[in-house]
Amino acid sequence: MRRATHKDNQRAGEGSKAAFALSALAWVALWAAAAAVVGNSLLLAGPGEVLRAFAETALAGDFWRAVGRTSVRILSTMAASAAAGTVLGLASARFRLLGTFLAPPLLVMKSAPVGCVVVVVLVMSGSAGALAAIVAFVALPPFYVAALDGCAARPLLAEQVLRRAGAGRLRVFLSCTWPAMLPFFRAAAKTAVGLSWKAGITAELLCVPLGSVGAAVYASKLTLDMPSLLMWTVVVMALGWASEKALLWLLGLTGASPRWAVRLARRRVAAGGQPPASLEVDRATFGYGDAPVLSDVRLTVGPGERLCLMAPTGAGKTTLVSLLAGMGRPQSGNVSAPALLGVVAQRDTLVETLTSFENVQLVCGESVPPKRLAEELSCLLPGGALHRPACELSGGTRRLVQIARAVYGPGCALVMDEPFAGLDEQANERACAFILAHQGGRVLLVATHHAADAERLDASVATLDGALTRSCAGRVTLCG
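Residues numbered from 1 in each chain as written. Predicted model: local features only at pLDDT ≥ 70, side-chain atom pairs only at ≥ 80, totals over all residues. Heavy atoms only, no water.

Caption draft 1: Examining the overall build of the chain more closely. Regarding its fold elements, the chain presents 17 helices and nine strands. Dimensions along the principal axes, computed over C-alpha positions, put the chain at roughly 100 × 50 × 40 Å. Counting every position in the chain, which comprises 480 residues, the buried fraction comes to 44%. For the chain, long-range pairs separated by at least 24 residues make up 75% of all intrachain contacts whose partners lie at least 6 apart in sequence. Averaging the positions of the 44 positive and the 31 negative side-chain charges in the chain gives two centres separated by 6 Å. (Helix = DSSP H or I, 4+ residues; strand = E, 2+ residues; numbered from the N terminus. Buried < 20%, exposed > 50% of the residue type's maximum accessible area, 1.4 Å probe, protein only. Contact = heavy atoms within 4.5 Å. Lys, Arg positive; Asp, Glu negative; His and termini not counted. Charge placed at Lys NZ, Arg CZ, Asp CG, Glu CD.)

Caption draft 2: Seen up close, the packing of helix 15 (residues 395–408) against helix 16 (residues 425–438). For the pair helix 15 and helix 16, interaxial distance at closest approach is 10 Å and the crossing angle is 5 degrees. Between helix 15 and helix 16, the angle is such that the two are roughly parallel. Residues Leu400, Ile403, Ala404, Val407 and Tyr408 of helix 15 touch helix 16, and the partners they reach there are Ala427, Arg430, Ala431, Phe434, Ile435 and His438. Classifying every residue of the contact of helix 15 with helix 16 by side-chain character gives nine nonpolar, one polar and one charged. (Axes fitted to C-alpha atoms, helices over the stretch in contact; angles between N-to-C directions. Parallel < 35°, antiparallel > 145°, perpendicular 65-115°, else oblique. Nonpolar A, V, L, I, M, F, W, Y, C, P; charged D, E, K, R; others polar.)

Caption draft 3: Layout of the packing of helix 13 (residues 356–364) against helix 14 (residues 370–380). For the pair helix 13 and helix 14, interaxial distance at closest approach is 11 Å and the crossing angle is 130 degrees. Of the possible angle classes, the one that applies to helix 13 and helix 14 is oblique. The handedness of the crossing between helix 13 and helix 14 is right-handed. Mapping the contact onto sequence places Phe357, Val360, Gln361 and Cys364 in helix 13 and Pro370, Leu373, Ala374 and Leu377 in helix 14. Counted by class, the contact of helix 13 with helix 14 contains seven nonpolar, one polar and no charged residues. (Left-handed = near helix turned anticlockwise from the far one by under 90°.)

Caption draft 4: Representation of the state of the cysteines. By the definition in use, this model includes zero disulfides. Free cysteine: cysteine 308, not disulfide-bonded; nearest cysteine sulfur from cysteine 432 at 8.0 Å. Classification of cysteine 308 by relative accessible area gives buried; the value is 0%. A relative accessible area of 1% means that cysteine 432 is categorised as buried. (Disulfide = S-S within 2.5 Å.)

Caption draft 5: Up close: the side chain of arginine 399. Mapped onto the elements, arginine 399 comes out in helix 15. One buried charged residue, arginine 399, remains without a salt bridge, the closest side chain of opposite sign being aspartate 348 at 6.3 Å. Setting aside its immediate chain neighbours within four residues, arginine 399 contacts Val344, Ala345, Gln346, Arg347, Asp417, Glu418, Pro419, Ala421 and Leu423. (Salt bridge = Lys/Arg side-chain N within 4 Å of Asp/Glu carboxyl O.)

Caption draft 6: Broad picture of helix 8 (residues 169–207). Taking 1.5 Å as the rise per residue, helix 8 with 39 residues should run 57 Å; its terminal C-alpha atoms sit only 46 Å apart, a clear shortfall. A maximum bend of about 50 degrees is found in helix 8 at tryptophan 178, where proline proline 179 lies one to four positions downstream. (Expected span 1.5 Å × (residues − 1). Bend = angle between axes of the 7 residues up to and from the residue.)

See below:
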């Protein structure tokens, strides 16, 4: 179904391009008809006259020198402005006070008319540096906003799960952070490139630097050479269009960044196995506002032990798992867990564009031989799911992939929040058997609603009802 939809989208895109081309030809025909009606090339030159003017001008070296100089000025300034806007946006996302401080000037930059800005810059500093100042004025805000909005759209939970599984900052950035930010930068590129060319040519028209496109446009105006004037207008439009497409193409190449992260994971040399560690909670308390969720919780689960937390919805299971996974801090008391931790969160944390196999390899690299990994995953997952992108998997299959990723990672303990949600009985049995087969000497803590899960995992059971109560099982130290 999803593949069919993708093909339908491709056909729709091709149809849209064909419709655009036909529409453009229709407008050129209307232009030619209007020029014929006017009958005066000083007032309106037709497409043929503009093409002749281009053919004559393009043969001269001055044409290409002007295009080159103007392109270098505008594109280099735009690139520097994009970099500055991105850095400022990232800094503002991290430091709210900086974002508040920059809000007024950014509002001015986004709303002030370009013509007024050009005049102000010329009055203040003359023609020197006017183009750079004006292009920066229009190019910086879109990338600032893109960085700011991109940071707000980051999948923070997925990033945290991958970091706890031992994925480095670069792998996390390539697999999770950048794919979430990319659409915002594509939108910024579509806005900033066209504005940069418009602002840059406007600045050149007023400053008239020798050997530039702006100087050529100004000369065409003075001599009333309408064909040349329209020719230069079309050239500027074409340069802006080509610059935008080139930048979008480069950004499109980075859409493969999740697979770059997988390649990095495969190149990593497997570190020596770390000894299993305990999970400990000492008088932990946590709440939201005045509503306590956990109160004076004490818990110790040693290496090799298995514990299922069972309680009604809203009793605090997910909160306790989040604290153990390092995704929050208790308001009082202490929580101790190893730095490397295999986590299955309640919400989905897969990388959508990676296959099931790649999502697991993103964490374990080749510490598990690829052939063995593929064989074991094929036994766990439904047929055909191994090499399908996560975005095409069912909810239950996605849970299985997350379980496998946690288990195969280098974590010294395993913490899972309702990992079997959405699984049928057979898939549940396979998942439990898979976890037992790969647990090794590690701690296993599972939050679940079903007693059958504890039986299949041969685990101790604890209940949560505002505070953790004692378990009747003997091998887990558990106090409420």
